[in-house]
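Chain residues, written in single-letter form:
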Amino acid sequence: MAQSFSQLPEDLRLVKSAHVTYIQSLDSRKDEYDYWLTEHLRLNGLYWGLTSLHLLGQPDALPRAETIDFVLSCQHETGGFGAAPGHDAHMLSTVSAVQILAMVDAFDELETRGKGKAQVGQYISNLQNHETGTFAGDEWGEEDTRFLYGALNALSLLGLLELVDVDKAVQHVAACANFDGGYGVSPGAESHSGQIFTCVAALTIAGRQDLIDKERLGRWLSERQIAGGGLNGRPEKKEDVCYSWWVLSSLEMIGKTHWIDKDQLAAFILRCQDPERGGISDRPGDMVDVWHTVFGLAGLSLLKYPGLQPVDEVYCMPKSTTARVLGH
Amino acid sequence: MAAELKKELYGGGVGGEDGKLSTDPEWADVEPVVLQEPEGALAAIAYPDDYAEAMAYLRAVMQAKEHSPRCLRLTEHIIEMNPAHYTVWLYRAANVFALNLPILDEITWLNEVALQNLKNYQIWHHRHLLVENYHPLIASDPAAISAFAASERAFIAQMLSEDTKNYHVWSYRSYVVSKLGLFDDADELAAIEGLIDKDVRNNSAWSHRFFLVFSNPAYATPGAAATAYDAGVPAEVVDREIEYVTGKIRLAPQNQSGWNYLRGVMVKGGRKLASVEGFVSEFVIRLGEERSEGGKEGEGEEGEGEDVLSTHALDLLAEIYAEKGEKEKADLSLRRLGQKWDRIRVGYWEWRRKCLEVGA
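Residues numbered from 1 in each chain as written. Chains lettered and ligands numbered in written order. Predicted model: local features only at pLDDT ≥ 70, side-chain atom pairs only at ≥ 80, totals over all residues. Heavy atoms only, no water.

Novice: Now, about the pattern of salt bridges: what can you tell me, with residues and values included?
Specialist: All names here are of chain B. Counted by the stated rule, this structure contains 43 salt bridges over all chains. Of the charged contacts in the structure, one is a salt bridge between Glu132 and Lys179, with a shortest N-O distance of 3.3 Å. Within this pair, whereas Glu132 is found in helix α5 (residues 122–138), its partner Lys179 is found in helix α7 (residues 167–180), the two being separated by 47 residues in sequence. By relative accessible area, Lys179 is classed as partly exposed at 27%. In this structure, the salt-bridge partner of Arg353 is Asp331, at a minimum N-O distance of 2.8 Å. Of this pair, Arg353 sits in helix α15 (residues 346–359) while Asp331 sits in helix α14 (residues 327–341), placing them 22 residues apart in sequence. Asp331 shares its class with Arg353; the two are buried. (Salt bridge = Lys/Arg side-chain N within 4 Å of Asp/Glu carboxyl O. Helix = DSSP H or I, 4+ residues; strand = E, 2+ residues; numbered from the N terminus. Buried < 20%, exposed > 50% of the residue type's maximum accessible area, 1.4 Å probe, protein only.)

Novice: Pulling in residues and values, what's your account of the domain arrangement of chain B?
Specialist: What the domain assignment reports for chain B is domain 1 (1–35 + 45–101) and domain 2 (275–287 + 305–360). Between the C-alpha centres of domain 1 of chain B and domain 2 of chain B the distance comes to 62 Å. (Domains from an automatic or database assignment.)

Novice: Give a detailed account of the side chain of A:Gln195, specifying residues and quantitative values.
Specialist: Summarising the element assignment, A:Gln195 is placed in helix α10 (residues 193–205). Residue classification places A:Gln195 among the buried residues on the basis of a relative accessible area of 7%. Setting aside residues no more than four positions away along its own chain, A:Gln195 makes contact with A:Asp144, A:Thr145, A:Arg146, A:Tyr183, A:Gly184, A:Val185 and B:Tyr167. (Contact = heavy atoms within 4.5 Å.)

Novice: Go over unusual backbone geometry with me, naming the residues and quoting the values.
Specialist: The backbone of A:Glu236 shows a phi angle near 65°, a positive value even though the residue is not glycine. With respect to the secondary-structure elements, A:Glu236 resides in the loop between α11 (214–222) and α12 (242–253). Given a relative accessible area of 27%, A:Glu236 falls into the partly exposed group. If you check the backbone angles, B:Arg286 has positive phi at about 50° while not being a glycine. Assignment of secondary structure puts B:Arg286 in the loop between β1 (284–285) and β2 (307–308).

Novice: Tell me what's going on with the interface of chain A and chain B, and back it up with residues and numbers.
Specialist: By a widespread convention, an interface's size corresponds to the accessible area lost as its parts come together. Of the residues lining the interface, 61 residues belong to chain A; the matching set on chain B comes to 54 residues. For the pair chain A and chain B, the summed buried surface comes to about 5,200 Å²; carbon and sulfur atoms form 57% of the total. Scanning the region where chain A abuts chain B turns up 3 salt bridges. Salt-bridge contacts for B:Asp315 lead to A:Arg219; the nearest nitrogen and oxygen are separated by 2.5 Å. The element that contributes the greatest number of residues to the side of chain A that touches chain B is α11(A), accounting for 5 residues. Its residues placed into classes, the side of chain A that touches chain B shows 20 nonpolar, 19 polar and 22 charged. (Buried area = accessible area lost by both parts, 1.4 Å probe. Nonpolar A, V, L, I, M, F, W, Y, C, P; charged D, E, K, R; others polar.)

Novice: Any details on the layout of surface pockets? Residues and values, ideally.
Specialist: Computed from the structure, the second largest pocket encloses a volume of approximately 610 Å³. Those elements giving two or more residues to the lining of the second largest pocket turn out to be α9 (166–175) of chain A together with α9 (203–214) of chain B. Counting residues per element, the lining of the second largest pocket draws most heavily on α9(B), at 4 residues. Tallied by class, the residues present in the lining of the second largest pocket amount to 15 nonpolar, 8 polar and 2 charged. (1 Å grid on protein atoms, 1.4 Å probe; cavity = no way out; pocket = protein on both sides within 12 Å on 5 of 7 lines; lining within 4 Å. Points joined across faces, edges and corners; volume = space filled by probe spheres on them.)

Novice: How would you sum up the packing of aromatic side chains? Please name residues and give values.
Specialist: Think of a pair of aromatic rings as described by two things: how far the centres are apart, and how the planes are tilted against each other in angle. By the definition in use, this model includes 28 aromatic pairs over all chains. Judged by centre distance (4.9 Å) and plane angle (55°), the ring pair of B:Trp206 and B:Tyr261 falls under tilted. Placement of the pair is B:Trp206 in helix α9 and B:Tyr261 in helix α11 (residues 256–269), with a sequence separation of 55 residues. The two residues B:Trp206 and B:Tyr261 agree in class, both being buried. Here the aromatic residues A:Trp48, A:Tyr149, A:Phe197, A:Trp245, A:Trp246, A:Trp291 and A:Phe295 are joined through ring pairs into a cluster of three or more. Sitting over the ring of B:Trp27, B:Arg70 keeps its end group 4.7 Å from the ring centre. Here B:Arg92 stacks its cationic end above the ring of B:Trp109, 3.5 Å away from the centre of that ring. (Phe/Tyr/Trp six-rings, centres within 6.5 Å; stacked < 30°, edge-to-face > 60°. Lys NZ or Arg CZ within 6 Å of the ring centre and 35° of its normal.)

Spelled out as structure tokens, the structure:
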């Protein structure tokens, strides 16, 4: 079970500098159709790109001052952040904003030039459903365990967890548990690796891992590895690099990463790289994108692949950031 | 259906003869709000002209808090170009409710949009809002509820025919079941059985069946954990489900979904795993034996003569042996899984073997 990765073929290695170039190039593709079509993910995209660069050990590859300017330009009076200037505030973009500011160590600028931490905390806590404990994504009330996790993630980084009813939130997550040990998007919904990550991470932040049936969940998660080394998100589905993060980080949080074959998973992720132009795709040979790039790199980091900064399995940010912000 | 929708509200489009809002007399009174971004801003966006123009008019009417048929048509125009723009959807919903439009008309329109945007999140949230607003109007009318349930089921079936495992569709389905109280609806269970007949490996369908059967408020204990025994579930329901799933497992012995379902049923029903030992053993032949029956002479290695039709069966058998205190047989089962039948998870099987030692 030694993690040497020496068994991997010679030509299968991480193309670090190509990945850095790829992420830097994303910002210069503004004229492309896809760029404005994904405008609703702009702040999230910046978080994915910046996290990738931090894990690659190149935190300064995007200009810090412009990064902070852009993030603050997305903030509303309510404290929430929209995905881009002119977009309504949303939980997911607000969480990305907090994570970006945490990574570039700019909470002080949020105080002096933005609306301040407390206002952000207020925005998030207003989205909690006081009956069920879960969180909405925006004032319109769409509910999803992604938003609940996002709320606990951002509030814990801001040191403002006491603004919400954590016990109620925990009860809601427990209600999303399924017979197979996994978790779904809402009570009664099918287990899904992405939702499992959000539920397990939320319970971890809340200090309530005792509610997890770790053996049953670990069994289900480890069954996600298929011949070829990749992980899928649900039974009988295809493998996909993003699950290298959702499944692996969940296994890591419950201490069961050794239940899968790490060498084979690392080899699968490496095969999904574009070795010339950088970036990582969902499966070998497909088009790369920043989303699969960050989760591929984060997966490799969790696997302790050499040359990457250690990633925090709960926050999907560099451990150095969470250590500084949370004081671990 | 769509043809009956009012042109003033649906499918009527916006823009003058050249398709531009700036030449459309209907929009002449609106001053578009163009987004100014600082020169060289990080992540600044260059839009195509049509989209930029439509967004500028959208900002104007949103700022003026206008709710009108033309606004509804403008949102349709923008959604056609960029269905992922959540702000447009929220504004559309605000128009629907402010104008007090018939919700079923909006749902009819939405069905078409949904079929063209299978992986989109916003269509589901929009639908959710519509149902939340429609339900109180029909809650006391069983005929209306059952008509609405039937039309939603038809729409869901159409969506699933495009992708039988679409996660949005399935989570919406469980929401509709709860909202409209369809746990005892025979058509719902029949629809799920049809999907399992078509593809016995459809985990989404199995998961939904579990929800229908074991979350039925007619007998399920409120708040009972999903992975715990529920004394409220009648024994005949447990028997029926064991019978159903074992039949389906025989069709595809290596299908995880069936085995996970069986385990779930055993837990809910508080049954001993050993009660299905006979069934499980069908899939594990001569475990650990050196030679197959009638095989060639000579010294074989351990397990050379064995056959395992399902690793999930062997896994369950190991638990059954452990439950009965037959530690050596349990250990052999787990060892063979790690050595031969499921090598990629050898770490897991070795951990299970260690647990046997501790448990002894």
